[in-house]
Structures are given as structure tokens and as C-alpha cells.
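Spelled out, the chains give:
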Amino acid sequence: MKVKKIILTLILCFYGVLNAQNLNISTGLVFEGEPFIAINPNNNQHLVVAWMGFKLGQEIVIKTKETV
């Protein structure tokens, strides 16, 4: 009985790790840094995300994405 509880606890812990909410919003192959998110207080479905990334032939630039 104790072994079953331990196995169930481990499965639940691993599920939380494997089901992480990380999402590649930059659609690039290289990790470009930690994004910052802003939410419109009047419409919680309107999100704006910004991060610092690379552009070919330029130095580091600020990239953004939004949902409406």
C-alpha cells in the first residue's frame, strides 16, 4: 500500500513538471531570453509579450507578439 502511494505521488510530481506552461513564442531555434508579458486590464484576452532577440545583420533587437 505504501509503495502504491509513493508511486502515485511521483507520477503526479512528474506530471506537473512534464506539463509545464513554457511555450516557444519566438518560433526561433535559439533561446532569445525571458519574455515579459503585459495584460490589458479591460480585456484579459489581449496580451502583449516582448523579449530581446537576434536579427540577422543587426545587434540585439526588441521583438514583440500580441494576441487580440
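Residues numbered from 1 in each chain as written. Predicted model: local features only at pLDDT ≥ 70, side-chain atom pairs only at ≥ 80, totals over all residues. Heavy atoms only, no water.

1. Concerning the overall build of the chain
Each helix and strand in the chain was counted, giving one helix and three strands. Counting every position in the chain, which comprises 68 residues, the buried fraction comes to 9%. Long-range pairs, those at least 24 residues apart, make up 10% of the contacts in the chain between residues at least 6 apart in sequence. (Helix = DSSP H or I, 4+ residues; strand = E, 2+ residues; numbered from the N terminus. Buried < 20%, exposed > 50% of the residue type's maximum accessible area, 1.4 Å probe, protein only. Contact = heavy atoms within 4.5 Å.)

2. A look at the sheet that holds strand E2 (residues 43-54)
Within the open sheet, the three strands sit side by side as E1-E2-E3. Their pairing is antiparallel. What marks the edges here is a single partner per strand, and that holds for strand E1 (36-40) and strand E3 (60-67). Here the average twist between neighbouring strands, direction ignored, is 20°. Of the pairings in the sheet, the one linking E2 to E3 comprises eight bridges and is antiparallel in character. Within the sheet, the bridge partner assigned to Leu47 lies in E3 and is Thr67. (Pairing = 2+ DSSP bridges. Axes fitted to C-alpha atoms, helices over the stretch in contact; angles between N-to-C directions.)

3. Here we look at the pairing of E2
Bridging between E1 and E2 involves five bridges; their strand directions are antiparallel. Note on E2: the bridge partner recorded for Phe36 is Ala50. The hairpin formed by E1 and E2 contains two residues between the paired strands. The turn joining E2 and E3, which pair antiparallel and follow one another in sequence, is formed by five residues; a positive phi near 80° is taken by Gly57.

Any link to function would need more than the numbers given here.
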